[in-house]
Amino acid sequence: MSRRKRRKRSARPRSSSENLQKLFALFEPKDKVLITIDADPDAMASAMALKRLLWHKVHSVTIAHFNEIVRFDNVTMVRLLKIPLVKLQQIDSKKFSKTLLVDGQPHHHEAFSQFHYDAVIDHHPITMTVDTPFVDIQPSYGATATMMTEYLRAAKIRPSKSLATALLYAIRVDTHNFELHAFEDDVKAFHYLFPLANMNLLRKIEISDMGIKDLKYFQLALESNRVIKGKIFSHLDQVRSPDILVLLADFFMRCHEVGWAVVSGSYQKNLVIIIRNDGFRKNAGSKAIKAFGRLGSAGGHRAMARAEIPLANLDGHLRKTDLSDLGRFVIRQFKKSLEG
Ligand SMILES: [Mn+2]
C-alpha cells in the first residue's frame, strides 16, 4: 500500500527486543498461522520475515494475498525469491488458529475486515484505533520491512539471501529509493541487509517492467517514430495498458540527443499522451495542459506529464489526414504548445 503522507516521528523510542518477546508470547507450537497481505514488495518481504521469525515456533505459517499481482517487478520478485503465496479467496480461514496482518491495517481493505487479527505490524499512519492483542504501528518508518529487519536482528536471525533481497527491495520501493519519507532506521536496515542480499536478483527484479508480448510495441515505436529537432514523437494504435507508453517515453529519453519524448496511443476509448523531457528549462506539465487540456485531462510536473482525451472529444478537431493517424494530431498540438 502506498500512502504518501508525511510521517511524524513517534515520541517514544521502541525496543525491538521487548516487542519481539511480546510477539512471540502470542504463539504456541500447535498454532497454524495465517498472514494476510495486500501483496506489494513491502508486504511480501515483511510476511516472509514474519514467517522466518515463527519458524520452528509454530506448526505452520501461510501467507495469503487478496489482490491480483500484476506488476511485472512483483511477479518477478515472487518467482525469483520463491515467495510462497496463496490466494486469500482460496483458503479456509477457520483452519487457522492465529491471523496476522503486515504492512496494512484492518480498516485498509474490506478483505481484511472479515478477520479477527491477533497481531498487526505496519508503518502506515494511524487513522483508526487498531484493537488487536499485539499492535506495532510505526509511522516513522519508511517501510514495514525496516521494522521486520529489526525484529530479525533482535531475534539474532541472519536473513537468508532471498529474505535479505526481498527486504532490501521493499525498503527501496517504499522509500522511492530514499527520495521520499526515508528515515535513519530505514538507512540502517538497508546497510545491514546490503551485504546479505543478492544484487543480481535485485537488479533483475527492479528492471522487470514488461513482458515479452510488449516487445511488439517497441518494434512498432522504433519503426514509426519521428524525430523533429531533438523531439521524438511516436504514436501507437491500441495498447494493452498506458504503462507501455510510459516505458517507451522513458526509453526514448535514453537517446542523448533527445530533449523531449512524446509517446501516444489509444487505450480503451481514450487517446493517452505521455510526455517526458530532460528537465532543462522545460515544463512538461504546462505544455501538456496547453496542448491537450481543453480536450481532456492533462497535467504533470516539469519533466513528466500525461494527457488523456476521450476519442469522442476529438470529433471536429482532426484534419482529414489525421483520421488515419492520430499521431499527426498529437505532433501538431504539441508543436503549437511550444510556440509562444
Ligand atoms: Mn509499506
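About the thresholds
- Residues numbered from 1 in each chain as written.
- Predicted model: local features only at pLDDT ≥ 70, side-chain atom pairs only at ≥ 80, totals over all residues.
- Heavy atoms only, no water.
- Buried < 20%, exposed > 50% of the residue type's maximum accessible area, 1.4 Å probe, protein only.
- Helix = DSSP H or I, 4+ residues; strand = E, 2+ residues; numbered from the N terminus.
- Pairing = 2+ DSSP bridges.
- Right-handed = clockwise from strand over helix to strand, strands pointing away.
- Core = buried A, V, L, I, M, F, W, Y, C linked by side-chain atoms within 4.5 Å.
- Contact = heavy atoms within 4.5 Å.
- Axes fitted to C-alpha atoms, helices over the stretch in contact; angles between N-to-C directions.

A. Representation of the pairing of strand β8 (residues 231-238) in the model. Among the 8 residues in β8, 6 count as buried, and that is most of the element. If you look at the hairpin formed by strand β7 (residues 226-228) and β8, you'll find 2 residues sitting between the two strands, and K229 has a positive phi there, around 45°. Relative to strand β9 (residues 260-267), β8 runs parallel, the two sharing 7 bridges. Opposite F233, over in β9, you have V262 as the bridge partner. After leaving β8, the chain enters helix α10 (residues 243-252) and then returns to the sheet as β9, a path that is right-handed.

B. A look at the nonpolar core. In this structure, L23, I35 and L53 are the most contacted members of the largest nonpolar core, which totals 53 residues. Once residues lying within four places of it in the same chain are set aside, the contact partners of L53 are L20, L23, F24, M148, Y151, L152, A155 and I157. V262, L271, A305 and F329 belong to the second-largest nonpolar core, a separate cluster that totals 21 residues.

C. Summary view of the sheet that holds β8. Read across the open sheet, the 6 strands follow the order β7-β8-β9-β10-β12-β11; overall the sheet is mixed. Unpaired on one side and paired on the other, β7 and β11 (297-300) mark the two borders of the sheet. Taking the axes of each pair of neighbouring strands and ignoring which way they run, one obtains an average angle of 15° across the sheet. Summarising the sheet, strand β10 (residues 270-277) and strand β12 (residues 304-310) pair through 7 bridges and their orientation is antiparallel. Each bridged residue has a counterpart across the sheet, and for R276 the counterpart in β12 is M304. Against the sheet, helix α9 (residues 215-224) touches β7 and β8, its axis set at about 135° to β8.

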